[in-house]
Amino acid sequence: MNSDRNSDVSRYAIRKLAIASVCLPLCVFLLGLIMYVLFLMSAMREMYTHMLLVSATLLPIGGAISGHVAVRKIDEGPESADNYRRLAVGGTIISYIFALIFVSLWVRIVAATIFDLRIHFH
């Protein structure tokens, strides 16, 4: 009787982690919208830009971590996983892609700062 209850809790935890692995990297689009609105209002300051870029970098990393944890929990107890494995793996892949994009952007910004290069976004 108690094993069903633990299975439900485990299934619920796996579902939350799998959904988080997809939603966290997609929140970057919301941050982009906020950045765009602040830019249109001429309220964009350098501090806001850096805060939003750091947040946009950390969100996909959190998504990748939650996706890996969900996949690990699914591998430990596949009977409680239902169909969340595809969601967790997809969220992990999306998170890695977004993290790679933002880390490469940070490398480009740091290289431009160190070597005093001009960055042209076309």
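What you see is a predicted model; the values in this text were computed from it and never measured. (Residues numbered from 1 in each chain as written. Predicted model: local features only at pLDDT ≥ 70, side-chain atom pairs only at ≥ 80, totals over all residues. Heavy atoms only, no water.)

(A) Quick peek at the pattern of salt bridges. Inspection of every chain in the model, using the stated rule, returns two salt bridges. Here R72 makes a salt bridge to E76, at a shortest N to O gap of 3.8 Å. Taken together, the residues R72 and E76, both in helix α2 (residues 46–76) and four residues apart, mark about one turn of the helix. Between D75 and R85 there is a salt bridge, with the nearest N and O atoms lying 2.7 Å from each other. With D75 in helix α2 and R85 in helix α3 (residues 84–115), this pair connects stretches of sequence that are ten residues apart. When its relative accessible area of 48% is taken as the criterion, D75 is described as partly exposed. Overall, the relative accessible area of 38% leaves R85 in the partly exposed class. (Salt bridge = Lys/Arg side-chain N within 4 Å of Asp/Glu carboxyl O. Helix = DSSP H or I, 4+ residues; strand = E, 2+ residues; numbered from the N terminus. Buried < 20%, exposed > 50% of the residue type's maximum accessible area, 1.4 Å probe, protein only.)

(B) Inspection of α3 at higher detail. The terminal C-alpha atoms of α3, which comprises 32 residues, lie 46 Å apart, in line with the 46 Å expected from a rise of 1.5 Å per residue. Of the residues making up α3, those classed as buried are Y84, A88, G91, T92, S95, F98, A99, F102 and A112. Just beyond α3, the residue with positive phi is D116, at close to 50°. (Expected span 1.5 Å × (residues − 1).)

(C) Region of the structure containing the confidence of the model for the protein. The share of residues in the protein with pLDDT of 70 or more is 83%, and the mean pLDDT across the chain is 81. Across the protein, element-level confidence peaks in α3 with a mean pLDDT of 87 and bottoms out in helix α1 (residues 2–40) with 79. (pLDDT = per-residue confidence, 0-100.)

(D) View of the packing of aromatic side chains. Across all of its chains, the model carries one aromatic pair by this definition. On the basis of an interplanar angle of 85° and a centroid distance of 5.6 Å, the ring pair of F29 and F98 is categorised as edge-to-face. A residue pair is termed long-range when its members are at least 10 positions apart, and F29 in helix α1 and F98 in helix α3 qualify at 69 residues. (Phe/Tyr/Trp six-rings, centres within 6.5 Å; stacked < 30°, edge-to-face > 60°.)

(E) Structural view of the nonpolar core. Residues V28, L31, L38, L52, L53, A56, F98 and F102 constitute the largest nonpolar core, which totals eight residues. Only α1, α2 and α3 provide two or more residues apiece to this core. Apart from residues lying up to four places away in sequence, L53 is in contact with F102, L105, W106 and I109. Grouped together as the second largest cluster of nonpolar side chains are seven residues, A18, A70, I74 and A88 included. (Core = buried A, V, L, I, M, F, W, Y, C linked by side-chain atoms within 4.5 Å. Contact = heavy atoms within 4.5 Å.)

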